[in-house]
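Here is what each chain is made of, one letter per residue.
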Amino acid sequence: MQWVALVGGWTVAAVLVAWVLVFANGTPAEPLLSEPRDFVKVLLNALTISGLYFIVASGFTLIFGLMRVVNLAHGSFFLLGGYLALEFQKTMVGKSRNILSDEVSVFAWVLPLVLAALIAGLIGLTMQQVFLRRFQGQDMRETLITIAISVILADLMVAWFGGTAVDISWPGLLDNAITVFDIRYSVTRLFMLGVAIVVGVALWAWLQKTRTGMVIRAGVDDNSMVQALGINVQLVFALAFFVGSALAAMGGVMGGSFASLGAGVDGQWLLNSIIVVIVGGMGSLTGALAGSLLLGTVTAFAPSYLPANFTHYSIIFTFVLLAAVLAWRPYGLFGKPE
Amino acid sequence: MTTTSQEPVVKPETGSMVTTERVLLVLALVALLIAPAFTSDFVVSFVLTQVMLLGVAAASLIFLAAYGGMVSLAQTLLFGVAGFTIGNAVTTGGSKGLNLGLDPWLGILLGITFTTILAFILGAVSSRSTGLYFLMITLTFGVIGFFFFGQVTTFSGFGGINQVRAPAVIGEPGQFPERLYYVAIGVSVFAFLLLRYVGRTPFGLALQGVRDDHVRMGSLGFNVWMHRTLAFTLAGFIASLGGVLFVWWNRQIDPASIGIGEILSLLIIAVIGGINRLEGAWVGAFVFVWVNNYVRDVPGLNQIGLTEARFNTIVGLIFLIIVLLSPDGLIGIGQRIVRLIAPKKGRTSQGPGSDSGSGSPETQEKRKLESNTEEEP
C-alpha cells in the first residue's frame, strides 16, 4: 500500500513537471523550454502571494497553537484592517476618492498600516477578554462565538464602508516595475515578499530567542504545566491574540493595496488562512510557511499552466492539494495529532 | 455487547407510547398541516415552506453533530450541488449551465444520486480528522464549492441557473403554494423519522460510540473511519433533499445561495434551534426565517439603527446570545422551562445527548452509574 502511494505520488509529480517543461502548449504561460521568462514570472507570483498568505496565516496559527481557538473572525480582522488603513490614508492625503499612488508618500502608507494593525489587535484582544476567556477549554463554543462575531462584523462593515470594492494606494516610490534579464516585474509584489520575510524572521526570533516566546512555545506544548510553574498564562494568551489579530490586519492592508477590499474578501482570506494551516499543520509556524508556499504555488501555477479554455477550473487544484495532504497526513505536514 | 460508553440508548424508558415530546411533535405537525387554511399564500410560501426546506438541510448538520460529533459546514455545499445538478439537468435553454432538458423526475434522481456520491467522497477525505479540524476542512469544501460554481461557467457561473422547473404535479410555487408546502412537510417528516431511526440502529449506536471514544471503538473492532464516512454520506443524502426543495421553491440557484454567508447561516440555524436534537433544525429555521421577514415590525429596533438591512447583525447577535447562554439552543431552554413547570414529566426520552449537560440530574447520575459499571471488567 505504502509503495503504491509513493510511486503514484512521484508519477503525478513527474507528469506535472514534464507538463510545465515541455507539453504546456496553448496555456497562458506556454512551456518552460519555449518561454522561460513566463515561468520565472509565475514563480515570482507564487513566491510573493505565498508571502501574503504567510503573514495572514501566521496570526491564525499562533492563536490556534497556543489557545486551541479557531478564530473564524480572522478574515474579518483582515478586512477591517484594510478598511481602517484606507480611512487613515484618505485623511493623510486629504482626498476621499481616486487617490493616485504619486500622491502617497511611504509614510502615508506605513503609518495607516501600523495604526490599523494596532486597532485590529486591540479589537481582537477585546473579543478574547470579553467573550472567549470565560469559555476557555470549550473549543467548539469558542469557535461558534468567533463565527457570531465574524457575521456581525461583516454586516457592520458593509454598513459602514459600503458594498463596492475599494483599494488602498501603494506609495508612489514602490508603484513601478523593474527589469532584470529582460523580465519586467512589479516592485510592490517584491516588496510584499520582503515584508513577509521580515515578519517571518521577527516572529521566529520572538518565539525562539525571547523569554515570552519560550513561554508561548511551552504553552503550545503543555498549557497546564506552564500554569503550574506560576507563569501568568492569561497574559500570554492576551498577547498572542493581540499579535494574531494585528497580523491579520497587516495582511489586510497589504492585500487591500495589492488587490481590493470589499464584501466577501473576509471569507476569501479566512479560507486562504484555513487552507494554509490545514496543509501545513495547525499551530506550527514552520507549517504555516510550508502551507503558504504550497498554496501559493498552486494558485499561481494552476491558472497559468492550464489550457486557456480551462483556466477557470484552477480552483479544483486547491481542493486536490487539500485532499492529497489530508489523505497522506490528516493533521497537516507539520501538525501533531490531538 | 456494549456500543455506547457514556450515553444511554435512546428509547423510551417506559412502555408507554405517549410522551410529552411525542405529543408536542404531533401537535406541531397538525398545526403545520392546517396552517394554510388560516394564513395567506405569502406566509405559506415565503415563511413556512422556507422553514421546512432549511430545516431539512439543518437536520443533516444536526444529525452529524449530535450522533457523530462532527460539526460539518459542507452541508450547504451538498444542498447546493443537488440544486445545481437539477438546474443543469432540467433547463432547456435561455440559461447558463448544460441545459440538458431532461425530465424533472430524472433530474431529482440525478441530483440526489450525484450529491450522495459526492458526500461519500468528501466524507472519505475528511473523516480521518475530528473536532475543529473536521469543521475547518468541511468549511473549505463549502467555500471551494462556491468558487467552483462561480468560476466554472460550464455548470453555472456567478449569474446562476434560472427557470428551473418542478414536476408538473407540483407546478409553480407562485401559482400553487400549498402543493410545494405539503411536499416540504412530507420530506421534513421523512428526514426526521429516518435520521431518528438510523440513530437507534446498531449503526447509529456505534456512531455514537465513535463520537464518545473513537479509540475504544477502534479497539473493539469497529471501523471508525467507515462509520464517520457513511454517516456523512447519509447526511449528504438528506441535505440533497433540502436542495431539491430549495431549487423548486426558488426556481433559480446561483453560487450566492451556497456562499460563506449561507454556510454560516445553516450552522446558525442549527445552533439557535439546538444542535443536540433533530427537532432543533426546524425550530432554528423558523426563528431565522421569522426574523428575516418580520424584524421590521419589532418596535424599537429601527430607532437604534437595526433596520431590515441589518438582518445579519440581528441574527448574529441572537446567535451570539444563544451561544453565550445556552449551548443547546432554544430546545435546551424549552426543556429547562418544561422541567421547572413539571419536574416529574417530560423526560422519558433524552436526545442523543451532549457533553454540555443536557438531561436532568437524575439521568446524568444514571449515565455516570452506567459508565461506571461498564468500566469494570
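A. Here's a closer look at the overall build of chain B. The number of helices and strands found in chain B is 14 helices and zero strands. Start at the N end of chain B and walk to the C end: the helices and strands fall as α-α-α-α-α-α-α-α-α-α-α-α-α-α. Within chain B, the fraction of its 377 residues that count as buried is 50%. Expressed as a percentage of contacts within chain B between residues at least 6 apart in sequence, the contacts between residues at least 24 apart total 78%.

B. Molecular detail of the overall build of chain A. Regarding its fold elements, chain A presents 12 helices and two strands. Starting at the N terminus, the α and β elements of chain A follow one another as α-α-α-α-α-β-β-α-α-α-α-α-α-α. In terms of overall size, chain A behaves like a compact globule, its C-alpha atoms giving a radius of gyration of 21 Å where 338 residues would be expected to give roughly 20 Å. With respect to the three principal axes, the spread of C-alpha positions in chain A is 65 × 60 × 35 Å. With 338 residues in all, chain A has 49% of them scored as buried.

C. The arrangement of helix α1 (residues 20–38) of chain B in detail. Taking 1.5 Å per residue, 19 residues should reach 27 Å; α1 of chain B reaches 26 Å between its end C-alpha atoms and fits that length. Of all the bends in α1 of chain B, the greatest, near 30°, is centred on L32 of chain B, and the proline P36 of chain B appears no more than four residues after it.

D. Molecular detail of the packing of helix α2 (residues 36–67) of chain A against helix α6 (residues 187–209) of chain A. Residue and element names in this part refer to chain A. Two elements in contact, α2 and α6, have axes separated by 8 Å at closest approach and are oriented at 40°. Here α2 is positioned oblique relative to α6, judged by the angle of their axes. Read as a crossing pair, α2 and α6 show a hand that is left-handed. In contact with L47, T48, G51, L52, F54, I55 and S58 of α2, α6 contributes R189, L190, M192, L193, A196, V199, G200 and L203. Here the contact of α2 with α6 is composed, by residue class, of 10 nonpolar, four polar and one charged.

E. Quick peek at the interface of chain A and chain B. The interface of chain A with chain B comprises 32 residues on the first partner and 32 residues on the second. Elements represented by at least two residues in the side of chain A that touches chain B include exactly α5 (139–161), α10 (265–280) and α12 (315–328) of chain A. Tallying contributions element by element places α5 of chain A first for the side of chain A that touches chain B, with 14 residues. Split by residue class, the side of chain A that touches chain B holds 24 nonpolar, four polar and four charged.

F. Seen up close, the packing of helix α3 (residues 74–93) of chain A against helix α4 (residues 107–132) of chain A. All names here are of chain A. The interhelical angle for the contact between α3 and α4, taken along N-to-C directions, is 140°, at an axis separation of 8 Å. Our classification of the angle between α3 and α4 gives oblique. When you trace α3 past α4, the crossing you get is right-handed. Contact residues: α3 offers F77, L80, G81, L84, A85, F88, Q89, M92 and V93, while α4 offers A108, W109, L111, P112, L113, L115, A116, A117, I119, A120 and G124. Among the residues making up the contact of α3 with α4, the classes are represented as 17 nonpolar, three polar and no charged.

G. Geometry of the pairing of strand β2 (residues 183–186) of chain A. Residues and elements named next belong to chain A. Pairing of strand β1 (residues 177–180) with β2 involves four bridges; the strand directions are antiparallel. Among the inter-strand pairings, A177 is bridged to a residue of β2, identified as S186. The hairpin formed by β1 and β2 contains two residues between the paired strands, and F181 there has a positive phi angle of roughly 50°.

H. Representation of helix α9 (residues 224–250) of chain B in the model. Counted at 1.5 Å a residue, the expected span for α9 of chain B with its 27 residues is 39 Å, and the 38 Å between its end C-alpha atoms agrees. Counting buried positions along α9 of chain B gives 24 out of 27 residues, so the element sits mostly inside the fold.

I. Representation of the nonpolar core within the structure. In terms of nonpolar packing, the biggest core is built from 210 residues, with A249 of chain A together with A58, A59, I62 and I238 of chain B touching the most fellow members. Dropping the residues within four chain positions of it, A58 of chain B is found in contact with L266, I269, A270, G273, A281, G284 and A285 of chain B.

J. Looking closely at the environment of M92 of chain A. Residues and elements named next belong to chain A. The residue M92 is located in helix α3 in this model. Considered as a pair, M92 and A248 are 156 residues apart in the sequence and their alpha carbons are 23 Å apart. In this view, M92 contacts A108 and L111; residues no more than four positions away in its chain are not counted.

K. Up close: the environment of N293 of chain B. In this fold, N293 of chain B is placed in helix α11 (residues 279–294). Once residues lying within four places of it in the same chain are set aside, the contact partners of N293 of chain B are F46 and V47 of chain B.

L. Focus on the environment of T233 of chain B. Among the structural elements, T233 of chain B can be located in helix α9. The contact partners of T233 of chain B, leaving out residues within four places of it in the chain, are T116, A119, F120 and G123 of chain B.

M. Seen up close, unusual backbone geometry. All names here are of chain B. With a phi angle near 60°, R251 is a residue other than glycine that sits in the positive phi range. With respect to the element layout, R251 can be found in the loop between α9 and α10 (260–273). Judged by local crowding, R251 falls into the partly exposed class, with 16 C-beta atoms found within 10 Å.

N. Summary view of the confidence of the model for chain B. Residue and element names in this part refer to chain B. Per-residue pLDDT for chain B averages 80, and the proportion of residues at 70 or more is 83%. Across residues 1–14, confidence stays below pLDDT 50; counting only partners more than four residues off in sequence or on other chains, it has 38 contacts. Long-range and interchain partners of residues 353–377, a stretch whose pLDDT sits below 50, account for 27 contacts in this model, where long-range means more than four residues apart.

Criteria and thresholds
- Residues numbered from 1 in each chain as written.
- Chains lettered and ligands numbered in written order.
- Predicted model: local features only at pLDDT ≥ 70, side-chain atom pairs only at ≥ 80, totals over all residues.
- Helix = DSSP H or I, 4+ residues; strand = E, 2+ residues; numbered from the N terminus.
- Buried ≥ 20, exposed ≤ 12 C-beta atoms within 10 Å, placed from the backbone.
- Contact = placed C-beta atoms within 7 Å.
- Rg over C-alpha atoms; globule rule 2.2 N^0.38 Å.
- Expected span 1.5 Å × (residues − 1).
- Bend = angle between axes of the 7 residues up to and from the residue.
- Axes fitted to C-alpha atoms, helices over the stretch in contact; angles between N-to-C directions.
- Parallel < 35°, antiparallel > 145°, perpendicular 65-115°, else oblique.
- Left-handed = near helix turned anticlockwise from the far one by under 90°.
- Nonpolar A, V, L, I, M, F, W, Y, C, P; charged D, E, K, R; others polar.
- Pairing = 2+ DSSP bridges.
- Core = buried A, V, L, I, M, F, W, Y, C linked by C-beta atoms within 7 Å.
- pLDDT = per-residue confidence, 0-100.

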